[in-house]
Amino acid sequence: MDKIVFSLTDIKCIYDYAMKALEKKWGKSPKELIYATIMDDIKSFKYDANNGMKWSAEEKVSFEKLSHVDKKKYLINKMGFKGGVIFPNLSPESLYKYPEIRQGDDTSKEYYERGIKAISSLQVSFGELEEKKQQEILENFRFASNRGVLKASKELADLLCARNFLHSNKESVKELQEASLLYQKLANAGSPDGYYGYYKLYRFVKDDSKFFHTSLTAKDLLVNEAQALTYLNLALENGSKEALEDLAYDLEKDKNNILWL
């Protein structure tokens, strides 16, 4: 019996037909169903006191009073995690902490806090806000960033990506280039957010499944593969939460793909 050989175009047509058939049957696309399932899992999560670490009542009270950075340090110490072979440079002391705004620079502090307050109270994703509101928030962080506030640079870069990864506007390339330069500035300061932000831009360019900016190249966004991979390793070694979560997700996805095949 002769083998049936499908071209990539044939496979894509079959895949698209299957997705449409499933969407018609279920009333939602498979992607929407997977997303809904993930969200249900997250919302149904309940803390288990026996999930690996024992907590005394005093420890719990003390832990809740710690800052975000100190909580991470505390957890690493409590788990007895020393970095080891995979992340040899990771230790409680190595976790990056953004410099405080310079003493007396009340203007930068005011603009930064205004931006933080605005994004903390959002009821929708940043990209869904009306254009005027988006620009107001961006300008608050941009002002503080231009005055050397690194944590404002981080927020600005993240929002520029959020604004353009899933949406498109006439300034998209310019704004993504601005984000790239901001992440490079953060990386030069030793920030894991800068390392991983740069890598995210490279990954975005190489993502063939994106709906917008399909013609963008790595050169357009001022990134390159060698630097992106170096920064990814640095992000993981320095305990970037986002990098570790994405890595875990990718590993789980690969495992599921193998089972599926």
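That block above? That's the structure.
Here the structure is a predicted model, which means the values were calculated and not measured.

### Regarding the overall build of the protein chain
- Within the protein chain, the secondary structure is distributed over eleven helices and zero strands.
- Walking the protein chain from its N terminus toward its C terminus, one meets helices and strands in the order α-α-α-α-α-α-α-α-α-α-α.
- In the protein chain, buried positions account for 31% of the 261 residues.
- Expressed as a percentage of contacts within the protein chain between residues at least 6 apart in sequence, the contacts between residues at least 24 apart total 55%.
- Approximately 17,900 Å² of the protein chain is accessible, and the part contributed by carbon and sulfur atoms is 57%.

### Examining helix 8 (residues 172–188)
- Given a rise of 1.5 Å per residue, 17 residues ought to cover 24 Å, and the 24 Å separating the end C-alpha atoms of helix 8 matches this to within 8%.
- All buried positions along helix 8 are accounted for by Ser 172, Glu 175, Leu 176, Ala 179, Ser 180, Leu 182, Tyr 183, Leu 186 and Ala 187. What you see down the axis of helix 8 is that its buried residues fit within an arc of 165°, all on one side. Among the exposed residues of helix 8, those oriented more than 90 degrees off its buried face are Lys 174, Leu 181 and Asn 188.
- Tucked into the core, helix 8 has its buried residues touching helix 6 (131–146), helix 7 (150–165), helix 9 (192–206) and helix 10 (225–237).
- Once helix 8 finishes, Gly 190 follows within two positions and takes phi at roughly 85°, a positive value.

### Comments concerning the packing of helix 5 (residues 106–120) against helix 7
- Relative to each other, helix 5 and helix 7 sit at 40°, their axes nearing to 10 Å. Classified by the angle their axes make, helix 5 and helix 7 are oblique. The two elements helix 5 and helix 7 meet at a crossing, and its hand is left-handed. Within the contact between the two elements, helix 5 uses Tyr 112, Ile 116 and Ile 119 and helix 7 uses Lys 151, Ala 152, Glu 155 and Leu 159.
- Tallied by class, residues from the contact of helix 5 with helix 7 come to five nonpolar, no polar and two charged.

### With respect to unusual backbone geometry
- With a phi angle near 65°, Leu 222 is a residue other than glycine that sits in the positive phi range.
- Relative to the helices and strands, Leu 222 resides in the loop between helix 9 and helix 10.

### Some words on the packing of helix 6 against helix 7
- One can describe the packing of helix 6 onto helix 7 by two numbers: an axis separation of 8 Å at closest approach and a directional angle of 150°. As far as their axial angle goes, helix 7 and helix 6 are roughly antiparallel. Note that helix 6 runs across helix 7; the crossing there is left-handed. In contact with Glu 131, Gln 134, Gln 135, Ile 137, Leu 138, Phe 141, Arg 142, Ala 144 and Ser 145 of helix 6, helix 7 contributes Ala 152, Ser 153, Glu 155, Leu 156, Leu 159, Leu 160 and Arg 163.
- Across the contact of helix 6 with helix 7, the residue classes break down as eight nonpolar, four polar and four charged.

### Side note on the environment of Ile 116
- Inspection of the secondary structure assignment puts Ile 116 in helix 5.
- A relative accessible area of 23% places Ile 116 in the partly exposed class.
- Separated by 25 residues in sequence, Ile 116 and Phe 141 place their C-alpha atoms 8.5 Å apart.
- Once residues lying within four places of it in the same chain are set aside, the contact partners of Ile 116 are Phe 141 and Glu 155.

The rules behind each value
Along every chain, residues carry numbers that run from 1 in the direction the sequence is written. Local features in this predicted model are restricted to residues of pLDDT 70 or higher, and side-chain atom pairs are both shown and tallied only at a pLDDT of 80 or more, whereas totals for entire chains, interfaces and linings draw on every residue. Hydrogens and water molecules were not included; the side-chain quantities draw on all heavy atoms of the structure. Secondary structure elements are taken from DSSP: a helix is a run of H or I of four residues or more, a strand is a run of E of two residues or more, and numbering for both begins at the N terminus. In this scheme, a residue with accessible area under 20% of its type's maximum is buried, one over 50% is exposed, and one in between is partly exposed, where area comes from a 1.4 Å probe on protein chains only. Contacts were defined at the residue level, with two residues in contact if any of their heavy atoms lie within 4.5 Å. Exposure was quantified through the Shrake-Rupley algorithm and a 1.4 Å probe, taking into account, for residues, occlusion by the shown protein chains and nothing else. Given the number of residues in a helix, its expected span is that number minus one, multiplied by 1.5 Å. Throughout, the arc means the angular range of directions from the helix axis out to the C-beta atoms. For helices, the axis comes from a line fit to the C-alpha atoms of the stretch in contact; other axes are also lines fit to C-alpha atoms, and the angle between any two N-to-C directions lies between 0 and 180 degrees. Should an angle fall under 35 degrees it is taken as roughly parallel, and over 145 as roughly antiparallel, whereas 65 to 115 is taken as roughly perpendicular and any remaining angle as oblique. Put simply, a crossing is left-handed when the front helix is turned counterclockwise from the back one by less than a right angle, and right-handed when it is turned clockwise. The nonpolar class holds Ala, Val, Leu, Ile, Met, Phe, Trp, Tyr, Cys and Pro. Asp, Glu, Lys and Arg form the charged class, and all remaining residues, Gly among them, are polar.

Just distances and angles here, no functional claims.
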